[in-house]
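This is what each chain is made of:
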Amino acid sequence: MLIVIFGLFGRFASPYSPTENASRPYAPPGDGLVLGADALGRDVLSRLLWGGGNLIWMSVLAALVGVILGCALGMVAAMSGRLAENLVMRGIEVLLAFPSMLLVLLFVSMLGPSPILLVLLVAVTHIAPVARVTRGAVLPLKDKEYVQWAQFVGLGRARLVFTEILPNITSPVLVELGLRLMWSVAVFAALSFLGYGIQPPEADWGLMINENQGALRSQPWAMLAPIALIGVFTAGLSLVTEGVSRVLNRTGTEQ
């Protein structure tokens, strides 16, 4: 939570503009620069405070869109007839056959690194694995007595899904959401590092690693600080989703 607050609202406490030259290149900490300067003399702390916003909202949005679409597709496959299930699963297998990172890089290289395009592309890479997990979680529920009773009394398909199916697959879906969030953070950071994500001179944690990779000995904070923030953010997302999943599992068991 602290990393999210830091990334989204830290810019309001930034001592410098993220593009302002505050000192000489790779200046060490001191003279008002808490973490020193980067390759162009910009304040590292200011760029850290500005650089997390894009990574956070893009990662969260891509994961949510991918999980929602994947869940919907997985439920369609599990709840429909054999023909529809086969069509959906064959499409999922085709998506799984393409390396996710290469798929994103292919379209970004052709269409440009627009943030919305990046979010959509990363969301698409989440659909297939989420759909497969959702289908596997839903199939055993179809034979449960409460589901068969709901179908017997004429409960509509949409109401059946939202009242009987979804509440009982919350735990695996949340675990998958945590995995998708971590994957999104890694992909967006890697894209910025490779030059296909957020473009300079805008501040971004992944871009900062690329810009300052030659300063590991002379000014290590310029490179190590964004690496640390990305790592803490990823680990924090995993712990939060796992904790929520355990609470829901415990609540379901007690009931």
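Everything below is about the structure shown above.
Residues numbered from 1 in each chain as written. Predicted model: local features only at pLDDT ≥ 70, side-chain atom pairs only at ≥ 80, totals over all residues. Heavy atoms only, no water.

**Details of the overall build of the protein**
Thought 1: In terms of regular secondary structure, the protein is built from 10 helices and 0 strands.
Thought 2: Put simply, the protein runs from its N terminus to its C terminus through helices and strands in the order α-α-α-α-α-α-α-α-α-α.
Thought 3: Dimensions of the protein, computed from C-alpha atoms along their principal axes, come out at roughly 75 × 45 × 25 Å.
Thought 4: For the protein, buried positions account for 43% of its 255 residues.
Thought 5: A fraction of 69% describes how many contacts in the protein between residues 6 or more apart in sequence connect residues 24 or more apart.
Thought 6: Carbon and sulfur atoms make up 68% of the accessible area of the protein, which amounts to about 13,100 Å² in all. (Helix = DSSP H or I, 4+ residues; strand = E, 2+ residues; numbered from the N terminus. Buried < 20%, exposed > 50% of the residue type's maximum accessible area, 1.4 Å probe, protein only. Contact = heavy atoms within 4.5 Å. Areas by Shrake-Rupley, 256 points an atom, 1.4 Å probe, with all protein chains shown as cover.)

**Quick notes on the packing of helix α4 (residues 100-111) against helix α8 (residues 170-194)**
Thought 1: Contact geometry of α4 with α8 gives a least axis separation of 12 Å together with a crossing angle of 45°. Taken as axis vectors, α4 and α8 run oblique relative to one another. Read as a crossing pair, α4 and α8 show a hand that is right-handed. Counting all contacts with α4, which are made through Ser100, Met101, Val104 and Leu105, the residues of α8 involved are Trp183, Val187, Ala190, Leu191 and Leu194. (Axes fitted to C-alpha atoms, helices over the stretch in contact; angles between N-to-C directions. Parallel < 35°, antiparallel > 145°, perpendicular 65-115°, else oblique. Left-handed = near helix turned anticlockwise from the far one by under 90°.)

**Section: helix α5 (residues 115-138)**
Because an α-helix completes one turn every 3.6 residues, residues spaced three or four positions apart along the sequence face the same direction.
Thought 1: With 24 residues, α5 extends 34 Å from end C-alpha to end C-alpha; this agrees with the ideal 34 Å at 1.5 Å per step.
Thought 2: Roughly 30° is the biggest bend found in α5, and it falls at Ile127, with proline Pro129 one to four residues downstream. (Expected span 1.5 Å × (residues − 1). Bend = angle between axes of the 7 residues up to and from the residue.)

**Some points on the environment of Phe193**
Thought 1: If you trace the backbone, Phe193 turns up in helix α8.
Thought 2: Considering only alpha carbons, one finds Phe193 and Ser59, 134 residues apart in sequence, at a separation of 15 Å.
Thought 3: Look past the residues within four positions of Phe193 in its chain and what remains in contact with it is Gly206, Leu207, Ile209, Asn210 and Gln213.

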